[in-house]
Amino acid sequence: MQHTTTPDPVDRIDSGDIARTLLWTVVVASALTNMAASFGGAATWVHLVCGAVTVLCAGALAVRNLRGRR
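Our subject in this report is the structure included herewith. (Residues numbered from 1 in each chain as written. Predicted model: local features only at pLDDT ≥ 70, side-chain atom pairs only at ≥ 80, totals over all residues. Heavy atoms only, no water.)

1. Observations regarding the overall build of the chain
Here is step 1: Of the regular secondary structure elements, the chain holds two helices and zero strands.
Here is step 2: A total of about 5900 Å² of accessible surface is found on the chain, and carbon and sulfur atoms cover 65% of it. (Helix = DSSP H or I, 4+ residues; strand = E, 2+ residues; numbered from the N terminus. Areas by Shrake-Rupley, 256 points an atom, 1.4 Å probe, with all protein chains shown as cover.)

2. A word on the packing of helix H1 (residues 15-40) against helix H2 (residues 44-68)
Packed helices, taken two at a time, are described by the angle their axes make and the gap between the axes.
Here is step 1: Across the interface, H1 lies against H2 with an axial gap of 9 Å and an inter-helix angle of 155°. If you check the angle between H1 and H2, you find them roughly antiparallel. Considering how the two elements wind past one another, H1 and H2 form a crossing that is left-handed.
Here is step 2: Residue classes in the contact of H1 with H2 are distributed as 14 nonpolar, eight polar and two charged. (Axes fitted to C-alpha atoms, helices over the stretch in contact; angles between N-to-C directions. Parallel < 35°, antiparallel > 145°, perpendicular 65-115°, else oblique. Left-handed = near helix turned anticlockwise from the far one by under 90°. Nonpolar A, V, L, I, M, F, W, Y, C, P; charged D, E, K, R; others polar.)

3. Some thoughts on H1
Here is step 1: Between its terminal C-alpha atoms H1 stretches 37 Å, which fits the 38 Å expected from 26 residues at 1.5 Å a residue.
Here is step 2: Those residues of H1 lying buried are Gly16, Leu23, Val27, Ser30 and Ala37.
Here is step 3: Two residues or fewer after H1 comes Gly41, characterised by a positive phi angle close to 70°. (Expected span 1.5 Å × (residues − 1). Buried < 20%, exposed > 50% of the residue type's maximum accessible area, 1.4 Å probe, protein only.)

4. Points about the side chain of Ser30
Here is step 1: Locating Ser30 in the fold gives a position in helix H1.
Here is step 2: Reaching out from Ser30, the side chain makes a polar contact with the side chain of Thr54 at a distance of 2.5 Å.
Here is step 3: Those residues within four positions of Ser30 in sequence are excluded, and the remaining contacts are Cys50, Val53 and Thr54. (Polar contact = N/O pair within 3.5 Å; in protein donor to acceptor, adjacent residues only side chain to side chain. Contact = heavy atoms within 4.5 Å.)

5. Structural notes on the environment of Leu48
Here is step 1: Structurally, Leu48 can be placed in helix H2.
Here is step 2: Look at Leu48 and you get exposed, because its relative accessible area is 58%.
Here is step 3: For the pair Leu48 and Asn34, spaced 14 residues apart in sequence, the C-alpha to C-alpha distance is 8.7 Å.

6. Some thoughts on H2
Here is step 1: Taking 1.5 Å as the rise per residue, H2 with 25 residues should run 36 Å; its terminal C-alpha atoms sit 36 Å apart, in good agreement.
Here is step 2: Of the positions making up H2, those classed as buried are Val46, Cys50, Cys57 and Leu61.
Here is step 3: Buried residues belonging to H2 abut H1.

Structure follows, in C-alpha cells:
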C-alpha cells in the first residue's frame, strides 16, 4: 500500500507567485529589448512600445505590492 502525503501549503505555488514571476520576466525582457534597440538604432516606435510595456508591468507590480500590504 502506498502512502500519499498532501503537499505542505507553504510549498505550493499559487497564481500570485506565477503572475509576479511573469510580470518581472516581462519587465526585464522589455528593458533588455529597449536597450538592444538603442544600440541597434531601431525606430522610435520600438522604444515607445518597450517603454510602455515596461511601465505597465512595473505599475502592475507596484499595485500588487500595495494591495498585498493591506
